[in-house]
Amino acid sequence: MTDLSTTRAHKAAPIQLTAEEGRVQLARPAVARPALPKSAFKIRQLFIGTIVSSLPSRELVIASNSVLAVDVDGIIRHFEGAETDASKVLIESAETDWSLTVHQLEEEDGDYGFLLPGFVDTHVHAPQYLNAGTALDKPLMEWLEHYTFKSESRIDADPNGLGARVYKKLVERMIEAGTTTASVFGTLTVEANMVLAKAFQEGGIRGQIGKVAMDLNGIPTYIESTSESLSRTREFIAALTALTAPLDAHRRLVEPVITPRFVPTCSKELLVGLVEIAKESGARIQSHMSESADQVEWSKNMWDGQPDHAVLDSLNLLTPKTLMAHCTHLTSPTLALLSSRGTSIAHCPWSNIYFSPERSLPLTSALDANVIVGLGSDISGGYRLGIDDSMRAAVAVSRLRPSSAASGETERALGWKESLFLATLGGAQAVGMGEKTGSFAVGKSFDAQMIRMGRKGSRIDLFDEEVEFEEVLEKWWCNGTEADRVAVWVQGVNLRMVHVGVEGHES
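Here the structure is a predicted model, which is why all the values come from computation and not from measurement. (Residues numbered from 1 in each chain as written. Predicted model: local features only at pLDDT ≥ 70, side-chain atom pairs only at ≥ 80, totals over all residues. Heavy atoms only, no water.)

Draft legend 1. Looking closely at the confidence of the model for the protein chain. Put simply, the protein chain has an average pLDDT of 88, and 87% of its residues get 70 or more. Here residues 1-40 scores under 50 on pLDDT; set against residues more than four positions off or in separate chains, the count is 83 contacts. Here residues 499-507 is a poorly scored stretch, pLDDT under 50, and it has 24 contacts once near neighbours within four places are set aside; other chains count. (pLDDT = per-residue confidence, 0-100. Contact = heavy atoms within 4.5 Å.)

See the structure below:
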């Protein structure tokens, strides 16, 4: 079994390389070599060292001196301690299998390195990356009218020019930030959303792509009729399904998701029609709910005093395949409702600070009520794309909430280890992919990021020769940046690798 100790880091024994008879060979004492399992012949990557992952219980596991093996299809086939017979067989196989890449996660020079699951961004507005980092000076509903609808309509007007440039850069930045999966809002038109879907598929990261549906309260240049919205949604689902159909199932990285913007912009007829499409297609649903005081009141005024969660539930939009962003104004009874429906929450702490300063999501109450929660950047309501920034903000906001006189509630604060769960496995569960990604286990897809501290540009400083690895990890949690992220994989494909002295040959 893998050593699950969280008390002290200890380095995996390095593989020494020597030149012999004109070729590089692995130097180690002669040992009897057991037969290599047939399944191991397909192994293409070995990772040796410290591997960090979360359990469904939200506990953090630090597996030191471990070996993780990934096959040619990007599936994890082995994850055990380096001392087991099966691990030794895999390491030995690198001597003769030149298609096998060996990744040493830690170096002899003292740099700490580890493997972490890729981040999951449960809520990002792709077209709004155009104005990310600006225009956060108005309440939500005014912000939408003055800035957001206009930027999204610009993408629809020029999908293959401006849209392609924005989406290509967005995907590049997400990879740099360690994001391997995202639940994404697009725009109104099929053409622009197909450009978005192709950017994710070709860029190599997972995307649940939503063609936004809205037939009310837009602006003249950015709104659609009910029938137009429904027909476009069906057309988009068909087009995206056709795009990935020729690919092997494990290489299909994008899928459509039903996306009513939120209650204030959708008629009852549109919402009912979208529910029918979801049933027909089996697609997931994403939207916004109870995001801010002005949005909550707007919804009530439209629906004879009913809050948006009651409207959505009455129309069968709260399901086990539904992801609702924000939910800052929910109370214990509504959290219980979401739990009973199996509906997930995308928690977006940065945008909530701007658009819901009066109330934040009761995060740990939601978790304790068994509501599935992940983290979202909410570009551009949130101005930072990295989910590592969101997990830090989630902890900070949760610490402020119980001490706020306005909340009138008592709630425990979120711990940093729990926030790592939300950023990885929790996010994967929230988008319905917890069995595929978000953690390391045999049979799951290898979606990962390699962290190496001590490199140029790193903000992490260690002063003692021996440091508890948990302390090292917490320092990275607080101060880690893109400078510490040296590689990112999705389905075993390396999307970003900087020179770190990794031995082996990429397939």
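Here the narrative resumes.
Draft legend 2. Representation of the pairing of strand 7 (residues 113-117) within the structure. For strand 7, the tally of buried residues reaches 5 of 5 residues, placing the bulk of the element in the interior. Burial along strand 7 is two-sided: the face carrying Gly113, Leu115 and Pro117 and the face carrying Phe114 and Leu116 are both buried. Across 5 bridges, the pairing between strand 7 and strand 17 (residues 448-452) is antiparallel. The partner of Leu116 across the bridge, within strand 17, is Gln449. (Buried < 20%, exposed > 50% of the residue type's maximum accessible area, 1.4 Å probe, protein only. Helix = DSSP H or I, 4+ residues; strand = E, 2+ residues; numbered from the N terminus. Pairing = 2+ DSSP bridges.)

Draft legend 3. Inspection of the nonpolar core at higher detail. Ranked by internal contacts, the top residues of the largest apolar core, which has 62 residues, are Phe114, Leu473 and Trp476. In this structure, Trp476 is in contact with Phe114, Leu116, Phe119, Met391, Arg392, Leu420, Ile451, Met453, Ile460, Asp484 and Arg485, ignoring residues within four places of it in sequence. Among the nonpolar cores identified, the runner-up in size contains 30 residues, and Leu196, Ile209, Ile379 and Leu385 belong to it. (Core = buried A, V, L, I, M, F, W, Y, C linked by side-chain atoms within 4.5 Å.)

Draft legend 4. Inspection of empty space enclosed by the protein at higher detail. Under the criterion given, the structure shown has 2 cavities of 30 Å³ or more. In terms of lining, the largest cavity is formed by 13 residues, of which the most central are His125, Trp143, Leu144, His288 and Glu291. Taken together, the residues of the lining of the largest cavity break down into 5 nonpolar, 5 polar and 3 charged. (1 Å grid on protein atoms, 1.4 Å probe; cavity = no way out; pocket = protein on both sides within 12 Å on 5 of 7 lines; lining within 4 Å. Points joined across faces, edges and corners; volume = space filled by probe spheres on them. Nonpolar A, V, L, I, M, F, W, Y, C, P; charged D, E, K, R; others polar.)

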